[in-house]
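Report on the structure
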Amino acid sequence: MGRIVVIGGDGFCGWPTSLHLSSLGHEVTILDNLSRRRIADELGAQSLTPIVSPEERLAAWAEVAPEKGAVGFIRLDVAADYAGLRETLAGIRPDAIIHFGEQRAAPYSMKGEAEKRYTVDNNINATHNLLTALVALGLDAHVVHLGTMGVYGYDGDGLEIPEGYLDVLVPGPGEQLFARSILYPTNPGSVYHLTKSLEQLMFQFYAKNDGLRITDLHQGIVWGTQTEETRLHAPLINRFDYDGDYGTVLNRFLMQAAVGHPLTVHGTGGQTRAFIHIQDTVRCIALAVANPPGRGERVRVRNQMTETHRVRDLARMVAAVTGATIDFVDNPRLEAAENDLRVSNRSFLDLGLNPITLSGGLLDETLEISGRYADRCDMSRIPARSLWRQEVTGGEASGLRMTA
Ligand code: USQ
């Protein structure tokens, strides 16, 4: 078992991951600037589940799992405080670093100038600071980064998306064919997804130039709230975002059904996306930590998803279970109205992942939690209001209206 730093360990994926790694016997230190809580305040949209302070969470964990050892917490802005990051890593000398420390909402990243610039500044600087510090300190820690399925884009027409790389033959002079294995060409659909696409190049460079060992996990849309560890004690409960910026589609539909709001399908709901339950997220990260690439190897890319679904099918499924009505609303995003999606996830299946599926009963748990905390819901926060494009007339932005 090793020493693991979890950057962004206070967030929706980072918190349950920190507990899971601790329960496996790792010594975990969370580095977090509490930006998810700050942005929730800024948006006036709190987690549906009540979240206690990091100190109270960690005290609760020490109480239920005293034999696992304490999880440490350091409040640090990895993107802004390079000296602090360097000093912290030099002190801990971790074996692995899980990097969740990024602004992760596509709608938030498209809200306006400030949010676009914040998302790029934060995500790019956080990632580059981490890589630079590892090189400067001569630390051979395995970096496990949370990427996104969205780097591939959603223009799939049946091609199975490989895990990171595309093996191509490039025609040369005469009959010559050059074999290349290239990063799958990125096609980001938001400024947020753009940052994850740019980061792929940083990882490629630092793995090649400095021999850093890096795994990039291209994760789908996470659903569910609780994991084996967060269920153990009330203060350990995971956050549940339902608002139009941070709420993700299936969890939104489940909570909308629980509070009596129509299910907000964007456009025709023909968008097909990749999904994974939060319990499988934490399992995948543990599997990735246990299976690092070697020094000098190229970045290991794994697709962290378990199934694909069309948005309108999810809405129909939730409506069938709950009796909710479905509202097909104008799509605030610029995205393909209909797409197919096939994704390879062989590498996690080969490592032994036994996927949780939507049919597996855990929908009920999310519905139950949504009902339990329904009185904490602010209905005005449910509609998605971030528009992907400003309408331009006569060379000037005339306001936030969609043209596509
Ligand atoms: N959608 C609706 N109704 C809603 C909310 C969303 O129809 O009320 C649609 C969106 O238009 C989109 C799809 O559902 O077509 C997915 O939206 P989402 O908000 O669930 O997911 P997304 O914005 O893509 O981002 C989320 C996470 C992000 C992660 C990404 C994985 O916030 O951190 O990287 O999922 S992926 O989508 O595979 O790129």
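Scroll up a little and you will see the structure.
One structure accompanies this document, and this report is about it. (Residues numbered from 1 in each chain as written. Predicted model: local features only at pLDDT ≥ 70, side-chain atom pairs only at ≥ 80, totals over all residues. Heavy atoms only, no water.)

**Comments concerning the pairing of strand β2 (residues 27-32)**
- Among the six residues that make up β2, five are buried, leaving the element largely enclosed by the rest of the structure.
- With five bridges joining them, strand β1 (residues 3-7) and β2 adopt parallel strand pairing. Paired with V6 across the strands is I30, a residue of β2.
- Regarding topology, helix α1 (residues 14-23) serves as the crossover connection from β1 to the parallel β2, and that connection is right-handed.
- Pairing analysis gives four bridges linking β2 to strand β3 (residues 72-75), with the strands arranged parallel. Bridged to T29 within β3 is G72. (Buried < 20%, exposed > 50% of the residue type's maximum accessible area, 1.4 Å probe, protein only. Helix = DSSP H or I, 4+ residues; strand = E, 2+ residues; numbered from the N terminus. Pairing = 2+ DSSP bridges. Right-handed = clockwise from strand over helix to strand, strands pointing away.)

**Some details on empty space enclosed by the protein**
- Under the definition given, this model contains two cavities of 30 Å³ or more.
- In this model, the largest cavity occupies a volume close to 50 Å³.
- As for the largest cavity, its lining consists of F12, R104, D241, Y246, G247, T248 and N251.
- Considered class by class, the residues forming the lining of the largest cavity number two nonpolar, three polar and two charged.
- The space that makes up the second largest cavity amounts to roughly 40 Å³.
- Lining the second largest cavity, in full, are Y165, L183, Q200, F203, D216, V299 and V301.
- Here the residues of the lining of the second largest cavity are counted per class, giving five nonpolar, one polar and one charged. (1 Å grid on protein atoms, 1.4 Å probe; cavity = no way out; pocket = protein on both sides within 12 Å on 5 of 7 lines; lining within 4 Å. Points joined across faces, edges and corners; volume = space filled by probe spheres on them. Nonpolar A, V, L, I, M, F, W, Y, C, P; charged D, E, K, R; others polar.)

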